[in-house]
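Geometric and topological summary
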Amino acid sequence: MKVSLILATLGRDAQVLDFLKSLQAQSYANFELVIIDQNQDGKIDAVVGQFKGYFAMRHIKVNFVGNARARDYGIGFAQGNIIAFPDDDCIYDTDVLKAVVAEFVRRNTLAILVAGSYDFSSTRFSIGVNSHKAGYFSRFQMMGVEFTHFFAVDRIDRRLFYFDHDFGIGSKYAGGEGFELMYRLLRARNSAFYNPQIRIFHANKDHYTLGTARMLMYSTGVGAYIRKFANQRDRFMLYYIVRKMFIAPLFKMLLAGILFNRKRLAYDFYNLLGVWRGFLAYRR
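Description of the structure in this document. What you see is a predicted model; the values in this text were computed from it and never measured.

1. Looking at the layout of surface pockets
Taken as a whole, the largest pocket encloses approximately 1500 Å³ of empty space. Looking at the largest pocket, it is lined by 50 residues, and the ones nearest its centre are Ile127, Gly128, Val145, Asp206 and Tyr218. Elements with a minimum of two residues in the lining of the largest pocket: strand S1 (3–9), helix H3 (67–75), helix H5 (177–187), helix H6 (213–231), helix H7 (237–258) and helix H8 (262–281).

This is the structure in structure tokens:
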């Protein structure tokens, strides 16, 4: 099985270099990299040039910005049976692609595979929804984050496999694009499996010690995608409204208050504020 990796990038070069090094070290060679370069200054040209000839790669420069739009554009160039969307600041463990292909071969009806996100550690999780337990999951407990998702596109209705350009960095709602896609595919009864033994490394930036601005920005996208499906009269969204907009944030705020942790309290408050802001602001 061939793997297509679609890398949307803007404003980073050292991190892109690190990611390309991790691809060069992969134990599985049947993959291609499609770079959607939103830089207008040739920022990564020299970096990309270092790896020409080491693996199949297309470097495509575009004159627009927006993470979801760039990834969506990259789908049109992908030739693999499996498609993934690595972040430009993540790093693959050496056997990631080998393990991903093995899972899809082993589970011949599997449509979506999710790896674990680790904070440059073999045990400490990073951003996204993670667990130490492997298993199938449904739309009630969506796992991972965009850069840990792998899709067997031959097993998916291709009409459903796209990113909504309203979501993600550089768009109207600066987050939620991966979960919007994931929910849409799970709603269509595509099977999904989470395996934390497949490790992708990414700095943990979703933490209260790093401030509230990032949480406010990304949680707005979460609220917006909940509203999008609620507008479609999807009754399962009631579960997410109760969980994401009431119970979980309020419980976290209560716990932070009990522990007298002001930074965590502020962080959880801005999470709640962002979700509600996105929910109320969403327009199709």
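2. Structural notes on the packing of aromatic side chains
Inspection of the entire model under this criterion finds 26 aromatic pairs. Pairing Trp276 with Phe279 gives two aromatic rings, centres 6.0 Å apart and planes at 70°, and the pair type is edge-to-face. Here the residue Trp276 and the residue Phe279 both occupy positions in helix H8, the gap between them amounting to 3 residues, near one helical turn. The exposure class assigned to Trp276 is partly exposed, which follows from its relative accessible area of 27%. Note on Phe279: relative accessible area 13%, which makes it buried. Taken together, the ring pairs in this structure connect Phe140, Tyr183, Tyr225, Phe229, Phe236, Tyr239 and Tyr240 into an aromatic cluster. The ring of Phe236 is capped by Arg139, whose NZ or CZ atom sits 3.6 Å from the centre of that ring.

3. Some words on the pattern of salt bridges
In this structure the tally under the stated criterion is 20 salt bridges. Between Asp87 and Arg71 there is a salt bridge, with the nearest N and O atoms lying 2.7 Å from each other. Of this pair, Asp87 sits in the loop between strand S4 (82–84) and strand S5 (90–92) while Arg71 sits in helix H3, and the two are 16 residues apart along the sequence. Take Asp87: its relative accessible area is 16%, and that puts it in the buried class. For Arg106, the salt bridge goes to Glu103, with nearest N and O atoms at 2.8 Å. Placement of both Arg106 and Glu103 in helix H4 (residues 96–106) is noted, with a separation of 3 residues, approximately one turn of the helix. On the basis of relative accessible area, Glu103 is assigned to the buried category, the value being 5%. Through salt bridges with shared partners, one network takes in Arg12, Asp88, Asp89 and Lys205.

What counts as what
- Residues numbered from 1 in each chain as written.
- Predicted model: local features only at pLDDT ≥ 70, side-chain atom pairs only at ≥ 80, totals over all residues.
- Heavy atoms only, no water.
- 1 Å grid on protein atoms, 1.4 Å probe; cavity = no way out; pocket = protein on both sides within 12 Å on 5 of 7 lines; lining within 4 Å.
- Points joined across faces, edges and corners; volume = space filled by probe spheres on them.
- Helix = DSSP H or I, 4+ residues; strand = E, 2+ residues; numbered from the N terminus.
- Phe/Tyr/Trp six-rings, centres within 6.5 Å; stacked < 30°, edge-to-face > 60°.
- Buried < 20%, exposed > 50% of the residue type's maximum accessible area, 1.4 Å probe, protein only.
- Lys NZ or Arg CZ within 6 Å of the ring centre and 35° of its normal.
- Salt bridge = Lys/Arg side-chain N within 4 Å of Asp/Glu carboxyl O.

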